[in-house]
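# Examining the three-dimensional arrangement
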Amino acid sequence: MNQRTHGSWVIFLSFFVAYLLAIVPFPEWAMNYRPQWIAMVLIYWAMALPYRVGIGFAWVAGLLMDILEGSLLGLNALALAIIAYIALSLHQRLRMFSSLQQSGVVLALIGLHLMMTHWMKIAAEQAVASNLLFLLGALSSAFIWPWMFVLLRQMRRSFGVR
Amino acid sequence: MSLEYRVAAFVVLSVAVMFADSRFDYLDRLRYSLGFLTAPVYWVADTPARISYWIDDVFVSHGDLIDENERLREELLFAQRELQLLAGLATENNRLRALQEASANVDGRVLTAEIINISSSTGSRRVLINRGATDGVLEGQALLDAHGLMGQVVEVLPFTSWVMLITDSRHGTPVQVNRNGERAIARGSRGEVPELELEYVPDTSDIEVGDLLVSSGLGQRFPKDYPVAEVTSVVHDRGQPFATIKAKPLAQMDRTRHVMLLALASNELERSGQSGIAPVWVDNALSKGDKRLGIEEQIDELGAEPLEEVVNPAPETLGVDEPVPSETGDTVPEDPAAGQE
């Protein structure tokens, strides 16, 4: 057992940093451009270590995000669980993709995530229906993805996370 | 395949949790406990701001300090002079109110707080403050800055609390025009600009650009007579039954960091006192509570709902704030220095 899991702290640290980045205040005009850090980190780990970071992990991560955001409990949890499911079922193909193709998948996944949370917030009356500018967050996430991928892969390799 | 079953299970679980969280309060305890887990994230995220404030405090020249000290002392002198007048006026006011059998103004005790984060979701305008249940914060308390009313506490976590700003589109603030006492409800605008819109104001009402709006105390959430906003535009459209009136909040919503939390009015305390949270710093208001219990019961009988997120005063509660006989005719507000923590 000890042989199989190694370097869990790297995963937890990456999520901690993602939470920090997620709640750092942005100026008003840049609000729509915020990358979805938690979802991106989750996609990476689901792709790289599918036996470590699964749907349950994603769900708990989403629950913490709900507390941090002060949104309805279970809202981000549901969205992240679905994202994790898609990433897990695609993980072998994702590994083969070039970074541009990966960015495309990230764009679609984050877009889906943003759309789902937006709908649920409207349904729960936590937000009012607005224009679709918030989807720009998916674009910025896809733009940042290649760098984040390289950084996280480097961390995973040098600390031997299994 | 097992992956599908697991995702289906978690989707069902999420929906159940969401439903339970929105309809019942079983999950408040879970929310509160998870708040302990998330506290360090806020603490670390706030570190840069704290360090920059610390640097501002430490690396400041002696001369600047002397200048600032002098300026502050001058301001204090002016403020104290006005306070002296105010104490006299307050006594006189309370005595007159006692004659009219109106309620004595609840003198608010305050707790200073700092805004440590703002809501990241675009649909709502909320801020996070660095005071929580351990400091005795209760849901429904009003938040002020040096210029005016900012919002009210909507969720209390162990060390932090979420405050919904008055500019949130789901928030309504009962206000009145300071000049003539005309009442209205100021709702947060739905647009991009953080401002207030006065709802259902008849075209004939006497509200002009530049009027100061103060909190009316109706709805029993916000204390009376705190400045809220200044009217910026009044449009009379003959095709519309109501005038379109916009106002700019006086509180510096997006610039200030230092804010004040106001103690609940005593009737609110009655309600929250039953939930078992012992407030540490609002004890003096409790003594006035027993007289108000009657009003509470009356409201319950009338079937007025407890005002949750949107504090539009229900029509039944409109007149309730006024006719309460005061026990002490001449309550002098406390020394402001003693009221602060």
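Just above sits the structure.
Here the structure is a predicted model, which is why all the values come from computation and not from measurement.

### Notes on the overall build of chain B
- Counting its secondary structure elements, chain B contains 8 helices and 12 strands.
- Across the 341 residues in chain B, those meeting the buried criterion constitute 41%.
- Partitioning the contacts of chain B with sequence separation of at least 6, the portion at a separation of at least 24 is 62%.
- Carbon and sulfur atoms make up 56% of the accessible area of chain B, which amounts to about 18600 Å² in all.

### What about a nonpolar patch on the surface?
- A cluster of nonpolar side chains, A:Trp9, A:Leu13, A:Val17, A:Leu21 and A:Phe159, forms an exposed patch at the surface whose accessible area comes to about 450 Å².
- Position of A:Phe159 relative to the elements: it lies in the segment after helix H7 (136-158).

### Quick notes on the interface of chain A and chain B
- Taken together, the 38 residues of chain A in the interface contact 38 residues of chain B.
- For chain A, the biggest contributors to the area lost against chain B are A:Trp59, A:Ile67 and A:Leu73; these three give 19% of the whole.
- Viewed at the interface, chain B and chain A are joined by 0 salt bridges.
- The interface formed by chain A and chain B holds 7 residue pairs in polar contact (both at pLDDT 80 or more) in total.
- Listing elements by their share of the side of chain A that touches chain B, those giving two or more residues are helix H1 (8-23), helix H3 (55-69), helix H4 (75-89) and helix H6 (99-123) of chain A.
- Class assignment of the residues belonging to the side of chain A that touches chain B gives a composition of 26 nonpolar, 8 polar and 4 charged.

### Overview of the sheet that holds strand E5 (residues 161-165) of chain B
Residue and element names in this part refer to chain B.
- With respect to topology, 6 strands assemble into a closed barrel ordered E1-E2-E5-E4-E3-E12, the strand pairing being antiparallel. The mean inter-strand angle of the sheet, taken between neighbouring strand axes irrespective of direction, is 45 degrees.
- Where strand E3 (residues 142-144) and strand E4 (residues 149-156) come together, 3 bridges link them in antiparallel fashion. Paired with leucine 143 across the strands is glycine 151, a residue of E4.

### Focus: H1(A)
- Compared with the 22 Å implied by 1.5 Å per residue over 16 residues, the 23 Å span of H1(A) between its first and last C-alpha is a close match.
- Listed as buried for H1(A) are A:Val10, A:Ile11, A:Ser14, A:Phe15, A:Ala18, A:Tyr19, A:Leu20, A:Ala22 and A:Ile23.
- In this structure, the buried side of H1(A) is in contact with helix H2 (37-48), H3 and H7 of chain A together with helix H2 (28-45) and strand E1 (110-118) of chain B.

Conventions we followed
- Residues numbered from 1 in each chain as written.
- Chains lettered and ligands numbered in written order.
- Predicted model: local features only at pLDDT ≥ 70, side-chain atom pairs only at ≥ 80, totals over all residues.
- Heavy atoms only, no water.
- Helix = DSSP H or I, 4+ residues; strand = E, 2+ residues; numbered from the N terminus.
- Buried < 20%, exposed > 50% of the residue type's maximum accessible area, 1.4 Å probe, protein only.
- Contact = heavy atoms within 4.5 Å.
- Areas by Shrake-Rupley, 256 points an atom, 1.4 Å probe, with all protein chains shown as cover.
- Patch = residues over 30% accessible without salt bridge, like charges linked within 9 Å, V, L, I, M, F, W, Y side chains within 5 Å.
- Salt bridge = Lys/Arg side-chain N within 4 Å of Asp/Glu carboxyl O.
- Buried area = accessible area lost by both parts, 1.4 Å probe.
- Polar contact = N/O pair within 3.5 Å; in protein donor to acceptor, adjacent residues only side chain to side chain.
- Nonpolar A, V, L, I, M, F, W, Y, C, P; charged D, E, K, R; others polar.
- Pairing = 2+ DSSP bridges.
- Axes fitted to C-alpha atoms, helices over the stretch in contact; angles between N-to-C directions.
- Expected span 1.5 Å × (residues − 1).

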